[in-house]
Amino acid sequence: MLLNINTKTHRAEKRQAKRLQEFGFDERGLQDVLFKTIDRLFPEDELLLLMQSRVWQEEPDLMALNRDGDLFIFELKAWESYSANLLQVLRYGQIFGSSTYQDLDFMYRRSYGHGKNLKSAHQAKFGVDLEESQYNRKQTFVVMTNGIDHKTREAIQYWRRTGLDTRPWVYRIYSGGADEMLLEMSPFRVSDNPYEDFSEGYYILNTNIKNSRIDHESMLSEGKASAYYDPWKFKIERLGKGDVVYLYQSGVGIVAFGEADGKLVKSPYQGIPAEADEDYSMKLNRFQKVTPPLSAAEIKKITGVNYVFMSTMFGLDAESGKAIKNFIAEQGANTSLQARRP
């Protein structure tokens, strides 16, 4: 819901949502926008992205797995009051609902092109070791729908009452200024993450050591912030000049930090020509390593916030970001003083 508020009278009126057709915008155009921002909409701390749809293939737009190995099937339809919105995602359930672990592993390897198997990737992300038989025992169907698309939303309610786990992913469109369309949409989440929307100039970036020590060491040796493959690499595009980035090593803590120079660099992943533009990076000025590293428990104690460190990158509120920076400075001063003592 979007409210128009009169700052003088303090009265609020609900702004009326619109349909795509009123802006001359089609479904393909909206889907293109959504895929370009999927890193902001997809909950990577809760779901492991298995695949994105390929052109001319009968596949859902996205498929993912949760901690328990359950399969989430996403259909990002943009047309309103169109029965195929829901029927299409259910058809994908018919096609992929019986997929074995081997089938899912093949999809994962095809999507990412690296040697790591799905079981190892799932264990690295969620810290659980599932048997192959535990994958895809349940399916959840997620269909995108306009907030004013009552037909699709009623159908979703019906299927939920019958025991089928279907969920709406609601967006709304409003008029903006001249030649402007406002899109209101929250990230799809299994549960709410109150820390995901901060954008106040401080970030924690995972060094990817669980997937590749080479990635981790290159960030530390070259003083840079990097992320790899889509949708994760697009997170680096969010960084602005002067933003403070804390490099976080899984299982260890913050090991270095610096200030983004604001210049995005696109490179082949680990120098492999076939992996062109799969490494997005940004140089970190005033780069320094943190010794000893600042652990997750210490970060939570300093900030008073129970952060989850599973995401590639997430924002901190300015107060927390400054508190961490001040603590590191004090820790460094104390370490230096102790080293000078006879």
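What comes next concerns the included structure.

Concerning the nonpolar core
If you look at the biggest cluster of nonpolar residues, it comprises 68 residues, and the most contacted ones within it are Leu50, Phe74, Leu118, Trp169, Leu239 and Leu247. For Trp169, the residues in contact, after removing those within four places along its chain, are Leu41, Phe74, Leu76, Val142, Val143, Met144, Thr145, Met185, Ser186, Pro187 and Phe188. Counting residues in hydrophobic clusters, the runner-up holds 17 residues, among them Tyr202, Tyr248, Phe314 and Leu316.

Observations regarding the pattern of salt bridges
A complete count under the given rule lists ten salt bridges for this structure. Note that Glu278 and Lys233 form a salt bridge whose closest N and O atoms lie 3.2 Å from each other. With Glu278 in the loop between strand S13 (265–267) and strand S14 (279–294) and Lys233 in the loop between strand S10 (224–228) and strand S11 (244–249), this residue pair connects regions lying 45 residues apart in the sequence. In this structure Lys233 comes out as buried when scored by relative accessible area, which is 8%. One salt bridge connects Arg286 with Glu259, and the closest N-O pair in it is separated by 3.0 Å. Of this pair, Arg286 sits in strand S14 while Glu259 sits in strand S12 (residues 253–260), and the two are 27 residues apart along the sequence. When salt bridges with common partners are traced through the structure, they connect Arg160, Asp165 and Arg167 into a single cluster.

About the thresholds
- What you see as residue numbers is a count from 1 along each chain, following the sequence as written.
- For this predicted model, a pLDDT threshold of at least 70 governs which residues receive local features, and a threshold of 80 or more governs which side-chain atom pairs are given and counted, while totals over whole chains, interfaces and linings are taken from all residues.
- As a convention, hydrogens and water are excluded, and side-chain values are obtained from all of the structure's heavy atoms.
- Residues belong to one nonpolar core when they are buried, are Ala, Val, Leu, Ile, Met, Phe, Trp, Tyr or Cys, and are joined through side-chain atoms within 4.5 Å.
- Note on exposure labels: buried denotes an accessible area under 20% of the residue type's maximum, exposed denotes more than 50%, and partly exposed covers the range between, all computed with a 1.4 Å probe on protein chains only.
- Contacts are assigned to residue pairs that have any heavy atoms within 4.5 Å of one another.
- The salt bridge criterion pairs a side-chain nitrogen of Lys or Arg with a carboxyl oxygen of Asp or Glu, the two atoms within 4 Å.
- By definition, any uninterrupted DSSP run of H or I lasting at least four residues is a helix, any uninterrupted run of E lasting at least two residues is a strand, and each is numbered from the N terminus.

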